[in-house]
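Read off the chains here:
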Amino acid sequence: MNFDLDDEQRDLASAAGDFLRGAASPADARAALDADDPANAETRPGRSALVDSGFATITVPEDLGGGGGSLLDLAVVAEQAGRVLAGPSFVGYARAAVLLAGDGDRLRALAEGSAAYAVVDDDGPTLDAISADRFLFLRGDDLVCGGGAVTTRAPMDPTRGLAQVAVDGGDVVAGDARLRWDHALRVGRVVLAAEGLGTASRALEIAVDYAKERQAFGRAIGSYQAVKHSLVDVYVQIENLRSLVWWAAWAADQAPDELPMAAAAAKGAVSTTLEAAAETLIQVHGGIGFTWEHDAHLFWRRAKVDRFLLGDDVAAYDEVARLALAAAAASSDASEPSAPSAPSAPAGAVAR
Amino acid sequence: MDFEDTPDEAAWRSTVRSFVEEHRAELGDRRGRRTDGDDVARVRQALLYDGGLVGVTWPVEAGGQGGTPMQQAIIDQELSRAGVPGLINLIGIGMCGPTVIHHGSDAQKDRYLKRLLRADDLWCQLFSEPASGSDLAALRTRAVQTEDGSWRISGQKVWTTLAHVADFGIVLTRTDPDVAKHRGLTMFVVPMKAEGVTVRPLRQMSGGADFNEVFFDDVVVPDSERLGDVGDGWRVALTTLMSERLTLGGGGTEIGMSISSVAQHVARRIGDLSSDRQALARQDFGRAYVDTLGIRYTGYRQLSAISRGAFPGPEASAGKLAGTRVARDLADLSVRLLGDDAAYAESADGSTGWQDAQAGLPGMAIAGGTNEVLRNVLGERVLGLPPEPRADKGITFKESIR
Ligand SMILES: Cc1cc2nc3c(=O)[nH]c(=O)nc-3n(C[C@H](O)[C@H](O)[C@H](O)COP(=O)(O)OP(=O)(O)OC[C@H]3O[C@@H](n4cnc5c(N)ncnc54)[C@H](O)[C@@H]3O)c2cc1C
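Analysis parameters
Residues numbered from 1 in each chain as written. Chains lettered and ligands numbered in written order. Predicted model: local features only at pLDDT ≥ 70, side-chain atom pairs only at ≥ 80, totals over all residues. Heavy atoms only, no water. Helix = DSSP H or I, 4+ residues; strand = E, 2+ residues; numbered from the N terminus. Rg over C-alpha atoms; globule rule 2.2 N^0.38 Å. Buried < 20%, exposed > 50% of the residue type's maximum accessible area, 1.4 Å probe, protein only. Contact = heavy atoms within 4.5 Å. Areas by Shrake-Rupley, 256 points an atom, 1.4 Å probe, with all protein chains shown as cover. Domains from an automatic or database assignment. Buried area = accessible area lost by both parts, 1.4 Å probe. Salt bridge = Lys/Arg side-chain N within 4 Å of Asp/Glu carboxyl O. Core = buried A, V, L, I, M, F, W, Y, C linked by side-chain atoms within 4.5 Å. Pairing = 2+ DSSP bridges.

(A) Quick peek at the overall build of chain B. Looking only at helices and strands, chain B features 13 helices and eight strands. A globule of 402 residues ought to have a C-alpha radius of gyration of about 21 Å, and chain B, at 22 Å, matches this closely. The C-alpha extent of chain B, read off along each of the three principal axes, is 75 × 45 × 45 Å. Burial status across chain B gives 54% buried among its 402 residues. Taking contacts inside chain B between residues at least 6 apart in sequence as the whole, the part at least 24 apart equals 72%. Accessible surface for chain B amounts to roughly 17700 Å². Of this, 50% is attributable to carbon and sulfur atoms.

(B) Spotlight on the domain arrangement of chain B. Residues and elements named next belong to chain B. Each domain of chain B was delimited in the assignment, giving domain 1 (7-88), domain 2 (123-235) and domain 3 (251-381). Computed over C-alpha atoms only, the centres of domain 1 and domain 3 are separated by 23 Å. Opposite the five residues of domain 1 that make contact, domain 3 presents seven residues. Both faces combined, the contact of domain 1 with domain 3 buries some 500 Å², and carbon together with sulfur accounts for 61% of it.

(C) A look at the pattern of salt bridges. Residues and elements named next belong to chain A. Counted by the stated rule, this structure contains 48 salt bridges over all chains. Between arginine 95 and aspartate 121 there is a salt bridge, with its nearest N and O atoms 2.7 Å apart. Of this pair, arginine 95 sits in helix 5 (residues 90-99) while aspartate 121 sits in the loop between strand 1 (117-119) and strand 2 (134-139), and the two are 26 residues apart along the sequence. In this structure, arginine 95 and aspartate 121 share a single accessibility class: buried. Across the pair lysine 304 and glutamate 279 runs a salt bridge whose closest N-O atoms are separated by 3.7 Å. On the criterion of sequence distance, the pair formed by lysine 304 in helix 10 (residues 296-306) and glutamate 279 in helix 9 (residues 259-285) is long-range, its members being 25 residues apart. Lysine 304 sits in the buried class, given a relative accessible area of 13%.

(D) Quick look at the nonpolar core. Phe90, Leu231 and Trp247 of chain A together with Phe285 of chain B are the most contacted members of the largest nonpolar core, which totals 156 residues. In this structure, tryptophan 247 of chain A is in contact with Phe3, Glu258, Met261 and Ala262 of chain A together with Phe3, Leu293 and Tyr297 of chain B, ignoring residues within four places of it in sequence. Counting 42 residues, the second-largest nonpolar core is a separate cluster that includes Trp12, Val56, Ala62 and Leu113 of chain B.

(E) Summary view of the side chain of threonine 273 of chain A. Note on placement: threonine 273 of chain A falls in helix 9. Among all residues touching threonine 273 of chain A, those that are not within four sequence positions of it are Ala200, Gln237, Ile238 and Leu241 of chain A.

(F) Up close: the pairing of strand 4 (residues 168-174) of chain B. Residue and element names in this part refer to chain B. The buried fraction of strand 4 is high, at seven of seven residues. Burial along strand 4 is two-sided: Phe168, Ile170, Leu172 and Arg174 and Gly169, Val171 and Thr173, pointing in opposite directions, are all buried. Where strand 1 (residues 123-126) and strand 4 come together, four bridges link them in parallel fashion. Of the residues in strand 4, the one forming a bridge with glutamine 125 is isoleucine 170. Pairing between strand 4 and strand 5 (residues 185-191): seven bridges, direction antiparallel. Counted as the bridge partner of glycine 169 is valine 190 from strand 5.

Written as structure tokens, this is what we have:
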């Protein structure tokens, strides 16, 4: 077993971080929110910069103009995108790459940026709809690519480009596509969780930095346990989320049987963790954290919106439970095993 | 990245598995009521030791095999999968032994280590006292050197797990009250059957009596049983505590009952609930399951890092903190599913497992560093947050207790 990124993935993350820090920032997220028409505001880096960088289409095969990489590669890049609140999301690219597998022309268009896809689910808003020029959706069991009428509303987080899309017409890309659709949705959840991991990590860093600096009653506020411990709780959640994201991305690449559980777990964990990180970021800052001027609410907006994307956290936890219980019922022996004995003191315990 | 066993790991796993299968009946079952006495548990550990499954990571001179942490993790996984009860000498293996390995004399190593691994001798850790738990360095048990060089120990220890069955203990004492409190400490090995040692079992809230208070009344210990230098006991104790980190919740090991036994219990019982209650139970279980997976895979990351030669750092405490939390959540939802039995200490069929689990877990949030102390450690050592001001800086122990 070796559960860690390899050197190439670390290099990839660092290159992606360099690019993304130069191409997007919370200041851009704020500008979108402050725009005259935030619902239709441009996001950064924006579709063409993302496609030109090559990072967005890492999972498209090389001979079609993509990077020929794994979902784990894309996940380490998406984490970097989450740190700077980049838009559009890598989720749409990842889903489109799965859905369009085998359709060389459309994949090539995705990789060169001549087509801007968004994926429309049966319910819930569509991510990055406002910058899309065509939509992928399921009609019956057919995967369809077509146009649609886009309705926007005042956004909570304009970097997500959400809208309601009424699809119509279009061409059938593939029949009998439900399995592929489900797989793409799970891949999307993994990438969404990877972005959220980056957003949560960055929020924690900002909060920790402030806690080291800000003085109250003659001491840095980070020396007070109420502050320190809430930051630690977020840290612990983030490290567990990181493990789930890597595992889920690895599963998508190497162990598809594990993907349903891993993707649902990552989706649930990212909702809970990002929300905790963003709310802690605000709280640790006190009054300044509640201002429009401060970046804290930009992270908070991501948390409050992302949890509803690709199914909400409640649905994700329910799916985890159903999968785990189904597996347990299948493996359970006929006789009722007696309950486990209590953790004896030695079984866990021990000094100081 | 990969989760597959390497060829070496796979070979080791199959060695472990075939040993466990061959001796399945003798090894006992961790499910069901705990009725085994410590003699049964000693025999079990000796059997496992003789089969090469105890202390693999210890040096060969210490009775181990010089193996890797991954080999140990594979043993843990296989024993847990087979439902073999935990080792009785856990504290000896996890804490006392490593301390002797690092700080003991050759004679001590020869005398103690192999017997410890076989559970020929059981060990306990005599650190906490009535007036010093989290603030370990505030301890008062005194050791005074006599003319012939031997030491006389007097004082009281408390919460000493296994002291009632232990043959030896490592005891942290104060040898100089006139220096700062971390500076005047010294560690010894003490025979628990020595004259002047009195052990009184303490009953836990869960009803069992696994820990004790231990009184030392002028107990004579030869200087050759000192571990580390005089006055260097704090540094010696840090070795103990560092090893403890991995024993408790490190490497993704589960705390409390196993997630698979909880899943089977929930799967069996959830149908008894109304549909709206079922939905709530699935939310609780789903959240706890996700936390369990997160902790498990974070443990795998730590294990991978250790396999590459990294030293287990304070990050490992995150596993104990989160593992204790989720174990309590799982115990809670398991008990809820007992229906009318949930409010009683035993179910109508006479089983007590889930109730016992629920009553044992508060101790896990205290033993081995309380939740609050672990959060301090993570906040200061991992996040780099400033320490709290303290009132015991720059003064001697004697001044600190005035
Ligand atoms: C099941 C069990 C087995 C044990 N086995 C052993 C054993 O084998 N050997 C041994 O030596 N000890 C053992 N212990 C003792 C254990 O290590 C101590 O109980 C523990 O370190 C806490 O010390 P204390 O009980 O003195 O509580 P205290 O230190 O008095 O703590 C009381 C409360 O104050 C909080 N607190 C203390 N200091 C701080 C701080 N700086 N910041 C914030 N909060 C703080 C604590 O978190 C706790 O909530 C065991 C304990 C249990 C429960």
